[in-house]
Structure formats: structure tokens, C-alpha cells
Amino acid sequence: MTTESIDYGRLPDAAGHFGPFGGRYVAEILMPAILELEAAWTDITAKSAFQQELQSLLQAYAGRPTPVYPARRLSEQAGGAAIYLKREDLAHTGAHKINNTLGQGLLARWMGKQKLIAETGAGQHGVATATTAALFGMQCRIFMGREDIRRQAPNVRRMELLGAEVVPVDSGTATLKDAMNEAMRYWVTAVQDTFYVIGSVAGPHPYPAMVRDFQRVIGEEARRQMTTMAGRLPDLLVACVGGGSNAMGLFHAFLEDDVAMVGVEAAGCGIDSGKHAATLTTGTVGVLHGAKSYLLQDEGGQVTEAHSISAGLDYPGVGPEHALLKDLHRVRYAAVTDDQALAAFQALCRAEGIIPALESAHAVAFAMAEARRRPADDIILVNLSGRGDKDLGIVFDALPKKETRT
Amino acid sequence: MKRIEKKFKELSELNEKALVGFVTAGDPDLGRSLAIATAMCRAGLDVLELGVPFSDPTADGPVIQRASSRSLAAGTTLGDVIELAARIRRQSDAPIILFSYYNPIFQYGLEAFYRDALAAGADGLLVVDLPPEESDEMTALWRGADFDLIRLVAPTTPAARMARIASSASGFLYLVSMTGVTGSDGLDVPAIARQADRLRAVSDIPVCVGFGISTPDDVAAVSAVADGVVIGSAFERMIEENIDSPDLPAMLAEMVHGYKAATQAKRP
């Protein structure tokens with residue numbers, strides 16, 4: 001397969017495959033629900049009445065379009081290319097996740113389902129799902145690893161204020177992967193009346209394509225905004241990748257263009273330490289959570305523990321479309337450590353008065369380093385996927401230790 | 001005749017139903033797992049399902065999740081499970097089905113798995129998260145048709161889909177009794193009977209029912225409407241509660257006796 005022969009707009013195929021990746025690896029109990037969802041997604045989201053309702057919610061409720069902001073002081077500090085930020089942190093609930101939950105929540109309503117469930121890592125997807133459930137008057141249950149409940153406590157409170165029930169998950173590593181396992185287990189018991197709102201471009205078909213399509217608005221807006229502001233498209237797009245929804249949302253509208261792209265994974269304590277979440281950088285192909293993609297796993301096919309300071313990137317899998325984009329060399333995947341992300345977090349706070357999510361700080365860290373290697377007339381567009389209020393506790397815990405070291 | 005087919009034919013002649021027993025291979029370790037499995041086969045288990053442990057068992061309830069974790073903590077690999085099947089085969093002629101999630105088999109190698117599992121004397125495979133939509137990539141690499149691929153049918157499976165699943169299944173069809181994970185409560189025998197009848201209308205192969213069957217009374221009730229019953233979590237619970245007992249194989253054999261007697265009850 002050559003990059004030129006790929007029609008990105010036509011992926012995945014009818015069975016949900018992105019080349020050798022993706023698919024529907026789920027238990028038979030869920031297959032009818034997955035097929036029903038696929039049919040509803042195809043039929044309902046094509047209706048103009050659905051699209052109009054979604055568009056008006058995205059504008060009047062979620063605050064779209066989000067701005068693109070030229071980060072001049074940050075660019076000066078980095079030295080080199082101009083860094084622009086796509087401000088998903090300014091969307092309602094503080095991250096890009098609301099684009100997808102409004103889309104899936106509206107689809108659930110059109111399908112007549114009154115109960116939403118979701119998994120969450122950092123809590124941003126959980127908050128966005130709880131918000132959508134409140135908006136539509138639906139019941140909501142959020143599965144969250146016990147470890148993530150501890151480190152993202154403010155988001156747990158937010159979900160509860162919004163009327164959602166937060167279900168702690170103790171199995172496995174008590175993080176995002178296990179929350180997704182538990183959400184799938186719950187879904188099989190309640191599949192007739194419950195809509196599972198998956199938050200990333202992961203899971204069985206149609207989720208990777210559906211979530212991408214609901215997030216594609218990020219890149220579509222950014223294309224227009226960059227053309228207006230800079231008179232041209234950026235040279236490089238940068239976005240963090242856990243499961244990969246904000247990155248797919250930004251990248252997809254640019255795949256046919258001459259624009260370079262980098263997905264930034266979490267290198268945690270360093271790739272060599274083994275404590276990281278750099279699935280595309282170091283992983284191998286396998287099947288987890290309903291799709292074939294790259295995975296962190298041992299030789300026997302057991303999924304291994306991921307690590308990142310950022311709960312939203314702390315996931316040993318990645319969306320199948322990213323796996324294909326890696327193999328096609330259309331997108332390059334890099335990794336940034338906890339310490340580098342923390343330094344970029346502070347740099348963005350001080351240089352621009354913007355407190356980023358630790359997830360997004362990984363993308364900022366990569367962009368600052370890359371800007372130094374590029375001429376001043378190059379443009380780098382970073383997806384600032386979320387704001388950092390939820391991370392203050394983690395950052396305060398981590399920074400004094402760093403300062404005593406340096 | 002293949003071992004599973006032969007077993008169902010024998011049972012049918014005796015007017016008995018099949019008792020299919022699931023245990024996680026390598027729980028609590030490979031040595032005790034061998035003792036448990038062979039004791040269960042000697043006690044009259046008709047078909048043995050050996051569970052391959054997996055880090056992320058999304059279709060399993062807490063009891064089998066914990067069994068899987070114990071086995072992984074003891075270091076069990078798929079290669080060990082195949083070797084365990086070979087050791088059981090030396091002591092028993094009961095059909096052995098390997099019950100797995102897809103990823104361990106995918107990593108082992110799809111062709112190598114077929115070759116090695118068959119050589120070990122295993123008779124079939126059930127892959128929980130491999131629906132017919134995705135299974136061609138595996139079966140296309142299997143050389144020969146000596147190995148049965150056991151398919152799942154759920155309460156949510158519509159009739160047209162049942163026919164499609166049945167057409168690619170062999171050995172027996174595994175009818176999931178309820179929408180839930182393994183070890184759930186709430187057995188609804190009339191609903192199971194209706195689904196089993198729908199399944200028999202589109203297929204001639206035996207229908208075994210699993211999920212949520214835990215007592216000899218459950219076994220008797222479900223045996224009346226199906227060709228066999230599958231019991232898993234009840235065995236695993238006994239293993240977990242008596243994990244250090246030297247009498248564990250004998251306790252499980254006793255359970256098998258009780259369940260097996262319930263499959264021999266006359267149909268109402």
C-alpha cells in the first residue's frame with residue numbers, strides 16, 4: 001500500500017477494518033448491539049435534522065468553534081517556528097471530549113435509549129458524558145479506575161454534581177483499561193436499553209470511525225481558521241495520543257494535504273524504564289477492547305501495565321486508525337516523558353496564561369522542541385485538547401520533588 | 001468420528017445430557033490444575049473446557065477474573081495450557097476444548113496453535129471475542145478440519161444470525177443463558193427453552209447452555225431443554241474457597257458426581 005493510493009475518507013471498510021487493523025472482536029452477546037449501533041450511526045447521522053440539531057448544540061451549548069490562538073510568547077521562548085494552539089480547552093467542560101459525547105448522546109436519544117454508560121481515565125470523558133446525560137435528562141453511570149479516582153478527584157466531584165453515578169473499578173491496574181473492561185461487562189447485562197458512550201477512537205467498529213467523525217470538527221474548523229489567520233495551512237500538526245481521539249479529530253481533515261503530523265504518546269518515566277504508555281512507539285499488534293491495533297503486551301499476549309503522569313494517556317492500547325497511519329508513515333509517532341510534559345505545562349502557564357491538561361502538555365512539549373529545529377516562517381498547530389484544572393493536585397505533588405532534584 | 005461428536009452420540013444413546021465443566025488452566029498452579037482436571041474427568045465429566053488465562057477477561061464475572069489472575073500470577077502461558085491438555089489426554093479420553101480470548105492465540109501464532117493443540121489431543125476451541133465476522137483470518141490458516149470451533153449464541157442473537165453462526169460451527173453450539181457475564185444470577189429456563197428451540201430449527205448440532213448454572217437443580221432444569229450444560233464459576237468458586245486444601249480434587253469430583261446425576265434425570 002502506498003500513501004498516495006489511500007482514500008482516507010473511505011476508511012474504514014464496511015466491516016470496520018482500517019487495513020489490517022480495527023474490526024469487531026467482541027463477545028456474541030454484544031454483536032447485535034454493535035450491529036444495531038452501526039446501522040443507527042449510518043442512517044441517523046446522515047439525516048439533516050440530526051446534523052442540524054448537533055450543529056446547534058455544538059455552537060450554542062459547547063461553545064464552538066473554539067479559537068485558534070497564535071502563541072507568540074511561547075514561540076519566542078521555544079525559538080524557531082510559530083506555534084499556534086487549537087483551543088479545545090475552551091470548549092464546554094474543558095476538553096474536546098464534549099464534541100463526541102454530544103454526538104453519541106444525541107444518537108442515543110434518536111435511538112430511544114435513555115441510559116448512558118462510559119469509561120473514563122482522566123475524568124474528562126466522564127464529565128462530558130455526565131454533562132450530556134444531564135442535558136438530555138438521561139441516567140448516567142461512569143466506570144473509573146480506583147487509582148484514577150484518587151488522582152483526578154475534582155472530576156469525580158463534577159460527575160457526581162452532574163447527577164452521574166461513578167462506579168469505582170478495582171480490577172487489574174485500576175486505571176482506564178480496567179474501567180473499559182468493567183464498562184463492557186456492565187454493557188452486556190444492560191445492552192437492551194443502555195448506550196455505551198466510548199470516549200476514544202478505540203473499541204469495536206463503529207466506535208473508532210464514529211468517534212473520529214464526531215471529533216473531525218476540530219480539524220475542519222482549524223483548516224478554515226488557519227487559512228484566514230495565516231493565509232495557508234500549517235506545516236505540522238501536533239496532538240497527544242492516548243487512545244487518540246483528539247489527534248484523529250485534528251488530523252483527519254488534513255490527511256489529503258501536504259501537512260506533516262506527529263502524534264505524541266506518553267513516555268512516562270522514559271521508554272527504557274518500561275514505565276510508559278508509548279503504545280505505537282514500542283508496542284506490537286494484538287487485540288484488546290474489540291479491535292486489532294498496537295498494544296503494550298508480553299510475548300504471551302497478556303496486556304501489560306501502562307504508566308503516565310497523565311491519566312488520560314495511561315492506556316496500553318491505541319485506536320486502530322492510528323495503527324494504520326503509523327504503518328503507512330502518514331503520521332509520525334513520538335513520545336514525551338512525564339518530566340518533559342511537566343516542564344511544558346509550566347512553560348505554557350507562564351508564557352501565555354494558559355493552564356493545559358497534562359495530556360495536552362505532552363503535545364506542547366514536543367511542539368516546543370520541534371519549533372527549535374524549524375525556521376521562523378514554519379507554522380506548527382498544536383491541539384490543546386484540554387485545560388489543566390483537574391491536574392493541579394498531581395502537578396503540585398510532582399513539582400517540589402522536581403525542584404529539589406534540580 | 002471426532003471425539004466431541006462421538007461423546008454426544010454416546011450420551012444420546014444413554015438418554016443423558018452432557019456435563020461440560022470449565023476450569024481455568026493453571027489455577028492455582030499447573031500441577032494442582034492437572035490433578036483437578038483429571039479428577040473431574042474421572043468423576044464423569046463429559047467435556048472439559050480448559051480456560052486460557054487472560055489479563056483482560058471482559059466477558060467474565062469476578063470469580064473467573066480472579067481465577068485468571070491467579071493463573072497468570074503463577075506464570076501460566078498458552079504453551080503451558082496446551083502442555084496441560086496433553087498431560088490430561090494421557091489420563092483421560094474426555095473431549096477437551098480450549099476456551100480463550102483471542103489475543104493469546106493471535107500472539108502464539110494461528111497456524112502453530114492449530115498444530116500444537118491438535119498434537120496435544122485437544123478437540124476444539126472456543127474464542128469468546130472472535131465472532132464469525134472476524135474468524136476467517138484464523139480458520140483460513142488451519143490445515144484440516146480435525147478441530148471443532150465452538151460458537152457462542154446469545155439471548156440477543158436474532159434468528160437470521162443464529163443460522164449464520166450455526167453454519168460455521170461444529171462440535172456443539174454454546175448457548176449463553178442470559179445477557180450478562182459468567183457467574184451471574186437469574187436463570188430463566190423457559191426463555192432458554194425458547195432460544196434453544198429456535199437454534200435447533202436452524203441447526204442439527206447439539207446445544208449446550210452455559211452462564212449462571214450453579215446447582216444440580218439448575219442442571220436438571222436446563223438439561224430438560226438442551227443437550228448439555230456448562231458449569232464454570234461454581235467450580236472456580238470451590239477452588240477459590242479451598243485453594244490450599246489437599247482435598248480439592250476430591251471436592252471437585254464430588255461436585256461433578258452431583259451435577260452428572262442431574263443430567264441423567266428423565267426428561268419431563
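Heads up: the structure comes first, above all this text.
All of the points below concern the structure found in this document. (Residues numbered from 1 in each chain as written. Chains lettered and ligands numbered in written order. Predicted model: local features only at pLDDT ≥ 70, side-chain atom pairs only at ≥ 80, totals over all residues. Heavy atoms only, no water.)

## Observations concerning the overall build of chain A
- Within chain A, the secondary structure is distributed over 16 helices and 14 strands.
- Taking the principal axes of its C-alpha atoms as reference, chain A extends roughly 55 × 45 × 45 Å.
- Taking all 406 residues of chain A together, the buried fraction comes to 66%.
- Within chain A, contacts between residues at least 6 apart in sequence are counted, and of these 74% link residues at least 24 apart.
- Accessible surface, chain A as shown: approximately 14000 Å² in total, 51% of it carbon and sulfur.
- Averaging the coordinates of the 39 positive side-chain charges in chain A and doing the same for the 46 negative ones gives two points 4 Å apart. (Helix = DSSP H or I, 4+ residues; strand = E, 2+ residues; numbered from the N terminus. Buried < 20%, exposed > 50% of the residue type's maximum accessible area, 1.4 Å probe, protein only. Contact = heavy atoms within 4.5 Å. Areas by Shrake-Rupley, 256 points an atom, 1.4 Å probe, with all protein chains shown as cover. Lys, Arg positive; Asp, Glu negative; His and termini not counted. Charge placed at Lys NZ, Arg CZ, Asp CG, Glu CD.)

## Description of the sheet that holds strand 1 (residues 18–24) of chain B
Residues and elements named next belong to chain B.
- Within the open sheet, the 9 strands sit side by side as 5-4-3-2-1-9-8-7-6. Their pairing is parallel. What marks the edges here is a single partner per strand, and that holds for strand 5 (148–149) and strand 6 (151–153).
- One ladder, built from 5 bridges, connects strand 1 with strand 2 (residues 47–51); its direction is parallel. Within strand 2, the position partnered with T24 by the bridge is G51.
- Taken strand by strand, helix 9 (residues 189–202) contacts strand 6, strand 7 (173–176) and strand 8 (207–210), and its axis lies near 150° from that of strand 7. (Pairing = 2+ DSSP bridges. Axes fitted to C-alpha atoms, helices over the stretch in contact; angles between N-to-C directions.)

## Here we look at helix 2 (residues 30–42) of chain B
Residue and element names in this part refer to chain B.
- Taking 1.5 Å as the rise per residue, helix 2 with 13 residues should run 18 Å; its terminal C-alpha atoms sit 18 Å apart, in good agreement.
- Where helix 2 is concerned, the buried positions are S33, L34, I36, A37, T38, A39, M40 and C41.
- Each element contacted by the buried residues of helix 2 is listed here: strand 1, strand 2, helix 4 (78–91), helix 11 (233–241) and helix 12 (248–263).
- A side-chain oxygen of the first residue of helix 2 lies 3.2 Å from the backbone nitrogen of G31; this N-cap is D29.
- In the segment just after helix 2, G44 is the residue with positive phi, at about 115°. (Expected span 1.5 Å × (residues − 1). Polar contact = N/O pair within 3.5 Å; in protein donor to acceptor, adjacent residues only side chain to side chain.)

## A look at the interface of chain A and chain B
- Facing 36 residues of chain A, the contacting portion of chain B comprises 37 residues.
- Between chain A and chain B we count 3 salt bridges in total.
- Close ionic contact of K292(A) with E137(B) constitutes a salt bridge, the shortest N to O distance being 2.8 Å.
- Viewed at the interface, chain B and chain A are joined by 19 residue pairs in polar contact (both at pLDDT 80 or more). (Salt bridge = Lys/Arg side-chain N within 4 Å of Asp/Glu carboxyl O.)

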